[in-house]
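Spelled out from the first residue to the last, the chains are:
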Amino acid sequence: MATMEIEIIEMADRKAKFVLKNSSPAMANALRRTLLSDIPKMAIDQVEFMTGKIEGDDGREYESITPLFEEIIAHRLGMIPVPTDLDLFVPQDQCSCGGEGCPSCSIMYSIRKTGPSTVYSSDLQPLGGPNSDKLRIVDEFIPIVELTADQGIYVYAKAVMGTARKHVKWQVCNGVGYSYMPVIDIDPKHASDDEVVACADICPNGLQVKGGKLVVTSALECGLCTGCIEKISDIDGINVTWDDKNFIFKYETDGSMTAQQALDVALKVLADEAKEFVSDLESL
């Protein structure tokens, strides 16, 4: 049996495209679900609003109040991508503090700002710790709330680890999808026929004309639309099928992890679950 492999086609900071080879639809779907739901991530889960008067940088007093309900601001804070380093943090239920909250399982942030101004994600400042620079929000210009004159905001927010199985704010990857690897066969007897050559206009990226004949340049660009087959009326010049052992994956991340880190973690989660399953079977 061939060993499952991953061939990277594109690996940018926040998006990736790869081919899962020598696999099965079940494994492809398991990887997709793991990327979507099972990658641990830090996200703001608790927000404390400080009420009353706060002093601005100009020495004036401002009322700690905003035009939005506190629940809306807390929700917006929860959806901001928090940088996640799984080597620095553990889930609260696995922490030695017993879930009370400590630097090993939580990150504390604060916002203190006065109006008139727009409060952005960059105003979330990590509190203390030797790794505070690594914990600054990467997306600096996510708007949270607009403050008018004499208004201010003063909050403390705690980020903890979770997965998207509990809430979407802990979802690292989005736009996760895969398709079967296309298999395009062009009959050499008909490769130069006018109808077959004209198929290059339908799929200019996957099919091209070289030397007066239609050839496959990149099966990865084929969307399995079968438009080329529909264009040919009387001849069987092209046959488009798919390979159910090879799959083309695409996904993006929210910035809390790089695309490579997300893939590495997802594969580790799958491997650990497989080992646990085998162990449970052996114990029966």
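Structure's up top.
Here's a quick rundown of the structure. What you see is a predicted model, and the numbers here were worked out from it, not measured in a lab. (Residues numbered from 1 in each chain as written. Predicted model: local features only at pLDDT ≥ 70, side-chain atom pairs only at ≥ 80, totals over all residues. Heavy atoms only, no water.)

## Topic: the overall build of the protein
Condition: Numbering of helices and strands starts at the N terminus; helices are DSSP runs of H or I of at least 4 residues and strands are runs of E of at least 2. With C-alpha atoms as the basis for the radius of gyration, the globule rule is written as 2.2 Å multiplied by the number of residues raised to the power 0.38. Residue contacts are counted whenever heavy atoms from the two residues lie within 4.5 Å of one another. To be clear on the numbers: accessible area is Shrake-Rupley with a 1.4 Å probe, and residue cover counts the displayed protein chains and nothing else. A residue counts as positive if it is Lys or Arg and as negative if it is Asp or Glu; His and the chain ends are not included. A charged residue contributes its charge at one atom only: NZ of Lys, CZ of Arg, CG of Asp or CD of Glu.
When helices and strands are counted, the protein shows five helices and 14 strands. A compact globule built from 284 residues should have a C-alpha radius of gyration of about 19 Å, whereas the protein, at 26 Å, is more than 25% larger. The C-alpha extent of the protein, read off along each of the three principal axes, is 85 × 55 × 30 Å. Taking all contacts inside the protein whose residues are at least 6 apart in sequence as the whole, residues at least 24 apart take part in 72%. Just so you have it, the protein exposes about 15800 Å², and 50% of that area is on carbon and sulfur atoms. One finds the centroid of the 26 positive side-chain charges in the protein at a distance of 1 Å from the centroid of its 44 negative side-chain charges.

## Observations concerning helix α1 (residues 25-37)
To keep things clear, this is the line we draw: By this rule, a helix spans an expected 1.5 Å times one less than how many residues it contains. Summary of the burial criterion: residues with accessible area below 20% of their type's maximum are buried, those above 50% are exposed, and those between are partly exposed, where the area comes from a 1.4 Å probe applied to protein chains only. Arc, as used here, means the arc of the directions from the helix axis to the C-beta atoms.
An ideal rise of 1.5 Å per residue puts 18 Å on 13 residues; α1 measures up with 18 Å between its terminal C-alpha atoms. Burial in α1 covers these residues: Ala-28, Leu-31, Thr-34 and Leu-35. The buried residues of α1 occupy an angular sector of 125 degrees when projected down its axis, which confines them to one face. Residues of α1 that are buried in the fold lie against β2 (15-21), β11 (173-186), β14 (238-253) and α5 (259-283).

## Thoughts on empty space enclosed by the protein
How we decide: Every definition here rests on a 1 Å grid over the protein atoms only: cavities are sets of points where a 1.4 Å probe fits but cannot get out, pockets are open sets enclosed by protein on both sides within 12 Å along at least five of seven lines, and lining residues have some atom within 4 Å of a point. Grid points are joined across faces, edges and corners, and a volume is the space filled by probe spheres set on the points. Residue polarity follows a fixed list, in which Ala, Val, Leu, Ile, Met, Phe, Trp, Tyr, Cys and Pro are nonpolar, Asp, Glu, Lys and Arg are charged, and the others, Gly among them, are polar.
The final tally for this structure, using the stated rule, is one cavity of 30 Å³ or more. Counted as a void, the largest cavity has a volume near 80 Å³. Forming the boundary of the largest cavity are Ile-184, Ile-202, Cys-203, Leu-207, Cys-222, Gly-223, Leu-224, Cys-225, Thr-226, Cys-228 and Val-240. Along the lines of polarity and charge, the residues of the lining of the largest cavity split into nine nonpolar, two polar and no charged.

## With respect to the state of the cysteines
Worth spelling out the cut-off: The definition used for a disulfide is geometric: two cysteine sulfur atoms within 2.5 Å.
Using the criterion set out here, one finds zero disulfides in the structure. Of all cysteine sulfurs, the one in Cys-222 lies closest to Cys-203, which takes part in no disulfide; the gap is 5.7 Å. The class of Cys-203 is buried, set by a relative accessible area of 18%. Left without a disulfide partner, Cys-228 is nearest to the cysteine sulfur of Cys-199, which lies 5.4 Å away. For Cys-228, a relative accessible area of 9% translates into the label buried.

Taken by themselves, the reported measurements are silent on function.
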